[in-house]
Amino acid sequence: MSIRIRKFIFLKLLWLAYISPVSATPEFKIEIKNHLFYPAELTVPSNTKIKLRIFNRDSTPEEFESYELNREKVIMGNSQTVIFIGPLKPGEYPYFGEFHPKTAQGKIIAK
Amino acid sequence: MQKTNNYLRAIASNIIVLVIFSANLLLTSNAIADGITIDKVYHPYVQPLERELEFRWLNYDDDKSSNNQAYRLGLGKSFATNWFAEAYIIGEKNNINNDSTISAYELEAIWQLTEQGEYSADWGLLFEIERQTDQSIWEGSTTLLIEREWGRTIGTANLTLGVEAGSDIDSELETAAAMQVRYRYSRALEPALELYVSSSTLGLGPVLMGENRFGNRKKLHWEFGIIAGLSDKTPNATLRALAEYEF
């Protein structure tokens, strides 16, 4: 491999290595009770990274899953977790609970 | 505090692996790796309660590799909120004489370091150890897994530092990189472009992947790609396929 290609890869790696912490991320809460999400619809600011704190009040695990949000996260029973999403363009982003997909459904609305 | 710890862990592992890997990649002019490093691109995420059965297949179109096909069967399970382990049986098949052999066993573990989306990139580490069946050769490696999201486009990099040891081989360090740019078109179909680089491999090619769901946490993830060799040491074309059944 030529030195030029190696330098190109090296610079790409340095760029990928850059980390910036999320500061002052707005936080929103969602609860899981009886295999339902509360609130089922949550409005959040668009074009802003946000933190979702999800409380699972049930004794069984649930999985927050959304292809539209590119997120998938298991929340064990009687515990909580944090999911970072966005910045989102204005629109609606459905999600569901993979353990109870018929009842556990919701959407994030970015405005 | 958790966020700060994750941040510091990510930075520390990043610096160590990147410095070693980059120095080796930039300064080493002699080929030190033995095999073709086209395989798959790992992602830095782990799900609790995850179990999977995995099959991978590679086919090389010419005789630059000693065997023309390689395949592996793995069974994996997460054993903590941010750790996942998988055991593999690795086989090879020579297309000329049709000889198939089980060539190695491998254990791997993925450690998710940061929450997805928490920082500008997501970080994880992959640890692998492999034992050849017919020779006294051990291979161990650590891979830094980095993923970054730009809307529907996802960029992933795997940076590997490995070592080979045993009575049948001279100990040596190996480095490799695998990179993937993927467009999240739909759950069923995502196109991607993958690049594989090591001292014995330079390959680039398109990959298609998708996911089919079968209800209650059962799903099949599949990948199929054609990686073109861009150096004399790399096969002209490598077909790669993968199927992961999560249950």
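What you see is a predicted model; the values in this text were computed from it and never measured. (Residues numbered from 1 in each chain as written. Chains lettered and ligands numbered in written order. Predicted model: local features only at pLDDT ≥ 70, side-chain atom pairs only at ≥ 80, totals over all residues.)

1. Let's talk about the nonpolar core
- Of all hydrophobic cores here, the largest spans 29 residues; its most connected members are Ile146, Ala177, Ala178, Tyr196 and Val197 of chain B.
- Elements supplying a minimum of two residues to this core: strand E1 (51–60), strand E6 (138–150), strand E7 (153–165), strand E8 (172–183) and strand E9 (190–198) of chain B.
- Element by element, the count of residues in this core is highest for E8 of chain B, at 4 residues.
- In terms of nonpolar packing, the next biggest core, distinct from the first, is built from 17 residues, Ile32, Ile75, Ile108 and Ala110 of chain A among them. (Core = buried A, V, L, I, M, F, W, Y, C linked by C-beta atoms within 7 Å. Buried ≥ 20, exposed ≤ 12 C-beta atoms within 10 Å, placed from the backbone. Helix = DSSP H or I, 4+ residues; strand = E, 2+ residues; numbered from the N terminus.)

2. Structural notes on the sheet that holds strand E10 (residues 201–213) of chain B
All names here are of chain B.
- Strand order in the closed barrel made by the 12 strands is E1-E2-E3-E4-E5-E6-E7-E8-E9-E10-E11-E12, with antiparallel pairing throughout. Recorded for the sheet is a direction-independent mean angle of 20° between the axes of neighbouring strands.
- Sheet topology places strand E2 (residues 69–80) next to strand E3 (residues 83–93); 11 bridges connect them, and they run antiparallel. Pairing of Leu75 across the sheet is with Ala87, part of E3. (Pairing = 2+ DSSP bridges. Axes fitted to C-alpha atoms, helices over the stretch in contact; angles between N-to-C directions.)

3. Remarks on the pairing of E10 of chain B
Residue and element names in this part refer to chain B.
- When E9 meets E10, the two strands line up antiparallel, connected through 9 bridges. When the sheet's bridge partners are listed, Leu195 is paired in E10 with Leu204.
- Counted between consecutive antiparallel strands, the loop separating E9 from E10 contains 2 residues.
- Bridging between E10 and strand E11 (residues 219–229) involves 9 bridges; their strand directions are antiparallel. The partner of Asn212 across the bridge, within E11, is Leu220.
- Joining the antiparallel neighbours E10 and E11 is a turn of 5 residues, in which Gly215 adopts a positive phi near 80°.

4. Quick word on unusual backbone geometry
Residue and element names in this part refer to chain A.
- Omega for the bond connecting Tyr38 with Pro39 falls within 30 degrees of zero, at -10°, which places this linkage in the cis form.
- With respect to the helices and strands, the residue Pro39 is situated in the loop between strand E2 (36–38) and strand E3 (41–44).
- That bond from Gly86 to Pro87 is cis: its omega, 0°, falls within 30 degrees of zero.
- Of note, Asn70 is a non-glycine position whose phi angle comes to about 55°, a positive value.
- Exposure remark for Asn70: the 15 C-beta atoms within 10 Å place this residue in the partly exposed category.
- In this structure, Asn78 takes a positive phi of about 55° despite not being glycine.
- Inspection of the secondary structure puts Asn78 in the loop between strand E6 (71–75) and strand E7 (79–85).

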